[in-house]
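Okay, here's what each chain looks like letter by letter:
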Amino acid sequence: MTQKLSLTEADMRAAFRVVGFLEYGNALDNLVSLVSMADKDDLVAIEGIIAERPEFAVYTTMPEQFPMDAESSRFDGATSQATLNSAGKRTGLAWVLALARVEFGAIVAGFTEHPDPYTFVTPDALDYRQSLHLLLEGVNGHYTTMQNAEQFREFADRSGNIMTALAFSRRVRIVRSMLRPLMKPGRNAWRTDQADELQKYADDMEGAQVALNESIRSFLSAQTYSVDETTTREFVNACGMQLSAEKRELAAGTATVRDFRTPEGKR
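Please read these numbers as outputs of a predicted model, since none were measured by experiment. (Residues numbered from 1 in each chain as written. Predicted model: local features only at pLDDT ≥ 70, side-chain atom pairs only at ≥ 80, totals over all residues. Heavy atoms only, no water.)

J.: I keep staring at the overall build of the protein chain and nothing clicks. Help me out?
T.: Within the protein chain, the secondary structure is distributed over 9 helices and 2 strands. Along its sequence from the N terminus, the protein chain presents helices and strands in the succession α-α-α-β-β-α-α-α-α-α-α. Per-residue burial for the protein chain yields a buried fraction of 48% across its 267 residues. Across the protein chain, the fraction of contacts at a sequence separation of at least 24, relative to all contacts at a separation of at least 6, is 79%. With an accessible surface of roughly 13500 Å², the protein chain has 52% of that area assigned to carbon and sulfur atoms. (Helix = DSSP H or I, 4+ residues; strand = E, 2+ residues; numbered from the N terminus. Buried < 20%, exposed > 50% of the residue type's maximum accessible area, 1.4 Å probe, protein only. Contact = heavy atoms within 4.5 Å. Areas by Shrake-Rupley, 256 points an atom, 1.4 Å probe, with all protein chains shown as cover.)

J.: Sorry, what's going on with the nonpolar core here?
T.: Burial of nonpolar side chains together is a common tendency in soluble globular proteins. In this structure, Leu135, Phe152, Met178, Leu179, Trp190 and Leu198 are the most contacted members of the largest nonpolar core, which totals 50 residues. Of all elements in the fold, only helix 4 (93-111), helix 5 (128-147), helix 7 (162-183), helix 8 (192-221) and helix 9 (233-252) reach the threshold of two or more residues within this core. When residues of this core are assigned to their parent elements, the largest contribution, 11 residues, is made by helix 7. Every residue in contact with Leu135, bar those within four places of it in the chain, is listed here: Val102, Tyr118, Val121, Met178, Pro181 and Leu182. (Core = buried A, V, L, I, M, F, W, Y, C linked by side-chain atoms within 4.5 Å.)

J.: Teacher, can you tell me more about the packing of aromatic side chains here?
T.: Think of a pair of aromatic rings as described by two things: how far the centres are apart, and how the planes are tilted against each other in angle. Evaluated as defined, the whole model comprises 4 aromatic pairs. An angle of 80° between the planes, with centres 5.3 Å apart, marks the rings of Phe16 and Phe21 as edge-to-face. Using a relative accessible area of 43% as the deciding quantity, one classes Phe16 as partly exposed. Using a relative accessible area of 0% as the deciding quantity, one classes Phe21 as buried. A centroid spacing of 4.6 Å and a plane angle of 50° characterise the contact between Tyr143 and Tyr201, whose relative ring orientation is tilted. Separated by 58 residues along the polypeptide, Tyr143 in helix 5 and Tyr201 in helix 8 bring together distant segments of the chain. (Phe/Tyr/Trp six-rings, centres within 6.5 Å; stacked < 30°, edge-to-face > 60°.)

J.: Explanation requested: the pattern of salt bridges in the structure shown.
T.: Side chains that carry opposite charge are capable of pairing whenever their charged atoms lie near each other. This model, assessed by the stated rule, comprises 5 salt bridges. With a closest N to O distance of 2.5 Å, Arg187 and Asp196 form a salt bridge. Asp196 sits in the partly exposed class, given a relative accessible area of 38%. Ionic pairing is found between Arg191 and Asp193, a salt bridge with its closest N-O pair at 2.6 Å. The partly exposed category is assigned to Arg191, whose relative accessible area is 26%. Given a relative accessible area of 41%, Asp193 falls into the partly exposed group. (Salt bridge = Lys/Arg side-chain N within 4 Å of Asp/Glu carboxyl O.)

Bear in mind that shape data such as this cannot, by itself, settle questions of function.
As structure tokens, this is what we get:
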């Protein structure tokens, strides 16, 4: 499904239970196929149809650190100015495709062991800039929400609840997956302050993932794998999947997000 992401049978079983997996996956498959078959005239016609249907509009709100004016970023704001308006309403095939790609990838990142859910966010994709735009929103939104959550901060001193740890571990993996295509073009694609902000996201999420996975490992090592009212076999399996996902990322070389530091500041 979906541009040969090569999901395992176990991945498929886990992700199928998440609302939106099938819908976004099918939409992405069909839209990618449509783009591959369409010529220039077809694309013009498709854009016209989408423009007439309000249900295809995508509404966005960019983080204040990443304004989308023409001077804001060396990366051209990660999107085309021709598609933006002051109301934050985006229209067009690329935006619809980007939404499906980003949402499907988030489910894959959070609920499967796939090492790189956004591997197809590349410059040759029709929706590349739109996808980066939505990924940036997603990273900032998840990051801000977690930083403001007291339960998330508890994991810094290893006092967090294991069930909460699993939920946050999934969320952190989603953010780290979203950061990869954003940081792949390199530091010079962004203003200095924006590159520093992305690096902060990456550093904080890497530290959080370490703490969360340590909590999960401690939990699993103490388990007798008996089923009770609070801990089911399904929950134990979900914890194990998060640790297995880390191993697959290490094997694939995607576990470490690109380092944006200047040579003087590298670890």
